[in-house]
Amino acid sequence: MACFDGLLLIVFLIGANGDCGCNKLDRAASVVEKSDKVCKQQARNTNGHYRDYYAELEPEIEGMSLIPGGSVHIGTDNPHFQADRESPERLVKLKDFYLDKHEVSNTKFEEFVSATNYTTEAERFGDSFLFKTLLGAPEQKRLENYRVASAPWWYKVSGVSWRNPNGVDTNLNGLEQHPVVHVSWRDAVAYCTWAGKRLPSEAEWETGCRGGKQRKLFPWGNKLMPKEQHWLNIWQGDFPDGNTADDGYETTCPVDRFRQNVYDLYNMVGNVWEWTADLWDTNDVSVSPNRVKKGGSYLCHKSYCFRYRCAARSQNTEDSSAGNLGFRCAKDA
Ligand SMILES: [Ca+2]
Ligand SMILES: [Ca+2]
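Just so it is clear, the model here is predicted, and its values are computed rather than measured.

Right, let's talk about the nonpolar core for a bit. Core analysis: the largest hydrophobic core is formed by 65 residues, its most contacted members being L99, L130, W154, A188, L199 and V269. Excluding anything up to four places from it in sequence, A188 contacts V183, L199, W275 and F327.

Have a look at this one:
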């Protein structure tokens, strides 16, 4: 079992390896809402010109968009992280499918838990990973030996789960429409199954992300900030010590804030990473193999984790959980 027990000390070694360390959160090894109003306004302004056809369609399945399949390109021949195997670009064939417009929110996950009495893996393990800015200085000192070796801004904190996503003394008040976090791949599968859905494959997720465009970095095109406005929730400033939250959010953003393409999909890139159904290595037969996650998170900055691109990918073991990792579901058409 790829899990830590509560007494295991994690060897602390700083290794600036060009990523945010989000893929190191394997178990083997007070939200600052700066301006919800501003974020909402930005989302309306920046994405307004996409409110043409898809947004006017009456969805056949509430909260989901029908994504056209066919022969679609995924991946890239211009990889930013060769080790992530973003390349080569390849052609895949997909059937049409439905994809949730939004990341699964705390409200939705609460409905699932209330109906099933489901207990997440973080609750069973008794801990999950928190980013350092959510811990006060005394807590950081107390937990300094519980940091991730190659990404020391991640702390394994006892008692943290989806119910108190920003620390043991926090709760979900005000976060009802924020994405559920601290959920493992297995938790995500359990939710989607309960909802009569499934996790998207990586190819499906990426096809949704691309919004019918070919060879673009982001769901809307190649420019990060068209019209000098924010289109996603990532990190502005210096990572990991100076998040200016110019996009309106220091941590998660409501799931319905940043509409990113003509498929009427929100927060595909940014906000929280999203689990996909795919194995990272199809030959991995371990008890808790790595699964592909997509889209980057509010902790991503170009200098350190330029993974808020459709082609970008990373992985975690399927029992892992963290404060910047969530999911959305898909369904056969
Ligand atoms: Ca942000
Ligand atoms: Ca996302």
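What follows deals with helix α5 (residues 185-194). Count 3.6 residues to each turn of an α-helix, and residues three or four apart come out pointing the same way. Residues of α5 that are buried include every one of W185, D187, A188, Y191 and C192, and no others. One face of α5 carries all of its buried residues, which in axial projection span an arc of 160°. At the exit of α5 stands G196, carrying a positive phi of roughly 75°.

For strand β11 (residues 290-294), the tally of buried residues reaches five of five residues, placing the bulk of the element in the interior. A two-sided burial pattern is seen for β11, the buried positions comprising N290, V292 and K294 on one face and R291 and K293 on the other. Two elements, strand β10 (residues 273-279) and β11, share three bridges in a ladder whose sense is antiparallel. Directly across from W275, in β11, lies its bridge partner K293. In this structure, β11 lies alongside strand β12 (residues 314-317), joined through four bridges in antiparallel fashion. Bridged to N290 within β12 is T317.

Conventions we followed
Residues numbered from 1 in each chain as written. Chains lettered and ligands numbered in written order. Predicted model: local features only at pLDDT ≥ 70, side-chain atom pairs only at ≥ 80, totals over all residues. Core = buried A, V, L, I, M, F, W, Y, C linked by C-beta atoms within 7 Å. Buried ≥ 20, exposed ≤ 12 C-beta atoms within 10 Å, placed from the backbone. Contact = placed C-beta atoms within 7 Å. Helix = DSSP H or I, 4+ residues; strand = E, 2+ residues; numbered from the N terminus. Arc of directions from axis to C-beta. Pairing = 2+ DSSP bridges.

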